[in-house]
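If you want the building blocks of each chain, they are given just below.
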Amino acid sequence: MIVSFKLNGELVEVDVPPNMTLLDVLRRKLGILSVKRGCERGECGACTVLINGDPVCSCLVLAPQAEGKEIITLEYLSKNGEIHPIQEAFIEAGAIQCGFCTPGFILTAYALLKRNPNPTIDEIKKALEGNLCRCTGYIKIIEAIQLAAKKLQRYSR
Amino acid sequence: MAIFYLLPRFNYYKPKSLNEALKLLNDLENSKVLAGGTDLVLDMKIGRYKPENVIDISHLNELKYIKDDGKSIRIGAGTTLQTILESNIVRKKIPVLAEALEIMGSWQLRNVATIGGNLCNASPAADTAPPLMVLEAQLKLESIEGARYVPITKFFHGPRITELKRNELLTEIIIPYPPSNAGMKFLKLGRRAAHTLSIVAVATLITIKDDKFDIVRIALNSVAPTPLRAYKTEESLKDKPINLNVIEENVKRVAEEIKPISDVRASAEYRKEMSIVLTRDAILESLKMLNVKIGGEEF
């Protein structure tokens, strides 16, 4: 079946079977490899994408459910070869080790900071509860998001 | 590329309206309704369900609403957990439901999972069930033949088995206003603080009259084949004076009303003990909301 949606601002159309997950549509049909195949059961958050601005596990979304939606992946965040302030913050804070969970964390952080530009540590932890990282111990990720919040406030001034 | 899970093939239907969905549900054999998908898609991946037909209702806006009609709060079955969690009506009028939603799944899951899906999946660990049970919610079940209403306490028949007939859809959850002087609390014990299934969860709703327990409602999940009300424990507390000894003595009855199993999350024995502890604590927290001091003790 034909499914069309906006992917990172551009309209795309794909011919997919209805039993394909959005994760597979993005990775295998559209070459969006920032979206990681992790647990495939909604537990790890490595496959997080934003659907109409909300973080969602793409492994639990069926392809036809994407019809008409606006989907954002990590690829959307860097513009003209410049990385996004949240990405900068993750690098500067040392919040990346193996990097597998990072796209999911950054997208969740992006959605959080859109809603709440100056979150407390508890609010950051709450937002991130669906993203698992086995390397960093989370402290540096939380610091990165605090740093990102400062950077974004500076840029918006 | 390695594929760890393959979804079975199915026919996919995307009805344009609730009416069309009900017709499809009536006409199609071996079908499953897709609401948020956080249970169904996973269950199809692991082979628990192999439906021939999937009826997607996730896009139906007529099932997404939270209304205050002046005597009850009506929630469309397709409303996401996150939407309900963020609702001021829910936080003000029925905080016990918001407390349960706050610690259900993760942000990613709450953004798609629906209240109707949580109930119809009928997991013994459904976290929306205990709060809705102490709030004495009614469920609207619709088919092409019409609608009927059942109390949530009659909805669950067993693990993943409900009152729903093959052609019926849960469309609305109706929560009558709780008594204005009610204290309520939801407590959940899981293996982690977040993004976890309950080992046991308890919801309580309490009112007091003349320094005695009046209305006492207690509901638990994960300790029996279905979420349940602890009617005998409720009964034994009614009209009793409010003090710690009375509470501690009477909540022990909860262990007789539940039938927990041992599984990967906890042993049956542990669940029994924790059911007693959580029931006691939820009652104490409910009383705290009513500013009741218990024998001058701070707890």
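Structure's up top.
An account of the accompanying structure is given in this report. Being a predicted model, the structure only gives us computed values, none of them experimental.

1. Some words on the pairing of strand β4 (residues 54-57) of chain A
Residues and elements named next belong to chain A. Direction of pairing for strand β3 (residues 48-51) relative to β4: antiparallel, over a ladder of four bridges. Bridging from a neighbouring strand, Ile51 pairs with Asp54 of β4. The hairpin turn running from β3 into β4, its antiparallel successor, is two residues long, and Asn52 in that turn takes a positive phi close to 45°.

2. Some thoughts on the sheet that holds strand β3 (residues 53-56) of chain B
All names here are of chain B. Strand order in the open sheet formed by three strands is β1-β3-β2, and the pairing between neighbours is parallel. For this open sheet the edge positions go to β1 (11-13) and β2 (31-34), each flanked by a neighbour on one side alone. Sheet twist, expressed as the mean angle between neighbouring strand axes with direction ignored, is 25°. Here β2 pairs with β3 via four bridges, running parallel. If you follow Lys32 over to β3, its bridge partner there is Val54.

3. Here's the deal with the environment of A:Ala89
All names here are of chain A. With respect to the helices and strands, the residue Ala89 is situated in helix α2 (residues 85-92). Assessed through its relative accessible area of 0%, Ala89 is described here as buried. With 52 residues separating them in the primary sequence, Ala89 and Ile141 have C-alpha atoms 9.2 Å apart.

4. Here's the deal with unusual backbone geometry
Residues and elements named next belong to chain B. Positive phi, normally seen in glycine, also occurs at Arg160, with a value near 65°. As for its placement among the helices and strands, Arg160 is situated in the loop between β8 (156-158) and β9 (161-162). Judged by its relative accessible area of 30%, Arg160 falls in the partly exposed class. A positive phi is found at Asn291, a non-glycine position, where the angle reads about 60°. For Asn291, a relative accessible area of 68% gives the class exposed.

5. What to know about the packing of helix α3 (residues 102-115) of chain A against helix α5 (residues 139-156) of chain A
All names here are of chain A. For the pair α3 and α5, the least separation of the axes is 11 Å and the interaxial angle reads 45°. In this view, α3 runs oblique relative to α5, as classed from their interaxial angle. Between α3 and α5 lies a crossing of right-handed hand. Between α3, through Phe105, Ala109, Leu112 and Leu113, and α5, the contact on the second element is made entirely by Ile141, Ile145, Ala148, Ala149 and Leu152. Looking at the contact of α3 with α5 residue by residue, the classes come out as nine nonpolar, no polar and no charged.

Reading the values: the criteria
- Residues numbered from 1 in each chain as written.
- Chains lettered and ligands numbered in written order.
- Predicted model: local features only at pLDDT ≥ 70, side-chain atom pairs only at ≥ 80, totals over all residues.
- Heavy atoms only, no water.
- Pairing = 2+ DSSP bridges.
- Helix = DSSP H or I, 4+ residues; strand = E, 2+ residues; numbered from the N terminus.
- Axes fitted to C-alpha atoms, helices over the stretch in contact; angles between N-to-C directions.
- Buried < 20%, exposed > 50% of the residue type's maximum accessible area, 1.4 Å probe, protein only.
- Parallel < 35°, antiparallel > 145°, perpendicular 65-115°, else oblique.
- Left-handed = near helix turned anticlockwise from the far one by under 90°.
- Contact = heavy atoms within 4.5 Å.
- Nonpolar A, V, L, I, M, F, W, Y, C, P; charged D, E, K, R; others polar.

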